[in-house]
Amino acid sequence: MKETLLNVALAIAILGGSALITYLFARAMYLICPQCRTLNARRRTHCRRCGQALRAETPVHSLRIIDPRQASAVASRQSVPWSAPREAENVS
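Residues numbered from 1 in each chain as written. Predicted model: local features only at pLDDT ≥ 70, side-chain atom pairs only at ≥ 80, totals over all residues. Heavy atoms only, no water.

**Focus on the overall build of the protein**
Summing up its helical and strand segments, the protein has 2 helices and 2 strands in all. Put simply, the protein runs from its N terminus to its C terminus through helices and strands in the order α-β-β-α. Across the 92 residues in the protein, those meeting the buried criterion constitute 14%. Within the protein, residue pairs in contact and separated by at least 24 positions form 6% of the contacts whose partners lie at least 6 positions apart. By element, 60% of the accessible surface of the protein is carried by carbon and sulfur atoms, the whole surface being about 7,900 Å². (Helix = DSSP H or I, 4+ residues; strand = E, 2+ residues; numbered from the N terminus. Buried < 20%, exposed > 50% of the residue type's maximum accessible area, 1.4 Å probe, protein only. Contact = heavy atoms within 4.5 Å. Areas by Shrake-Rupley, 256 points an atom, 1.4 Å probe, with all protein chains shown as cover.)

So, in structure tokens, the structure goes:
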């Protein structure tokens, strides 16, 4: 009886450790949809099951491309040659 209980405890410990390792691996490799709890690859921006956005992103239409001839003037004002427009600038 004592040996059976020891074997059961050992099996539970092995299964619990395996579940913990699997959980940590899934958290590192996948994004979990907040709406439907589906695992999605990290490269995805929207859930493959329900279409919910997986992370907040800057929309592409709010970014502006800088003409390379103006890059030196822009670099003195900001550190990145492309970024979301500033509120005070007159963007056309």
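**Describing a positive patch on the surface**
Together, Arg27, Arg37, Arg42 and Arg55 make up a positively charged patch on the protein surface. Residue position: arginine 55 is located in the loop between strand S2 (39–41) and helix H2 (71–77). (Patch = residues over 30% accessible without salt bridge, like charges linked within 9 Å, V, L, I, M, F, W, Y side chains within 5 Å. Salt bridge = Lys/Arg side-chain N within 4 Å of Asp/Glu carboxyl O. Lys, Arg positive; Asp, Glu negative; His and termini not counted. Charge placed at Lys NZ, Arg CZ, Asp CG, Glu CD.)

**Let's talk about the confidence of the model for the protein**
Low-pLDDT stretches of the model should not have their predicted coordinates read in fine detail. Within the protein, residue pLDDT values average 76, and 60% of them lie at 70 or more. Summarising per-element confidence for the protein, the mean pLDDT is lowest in H2 (54) and highest in helix H1 (residues 2–29) (93). (pLDDT = per-residue confidence, 0-100.)

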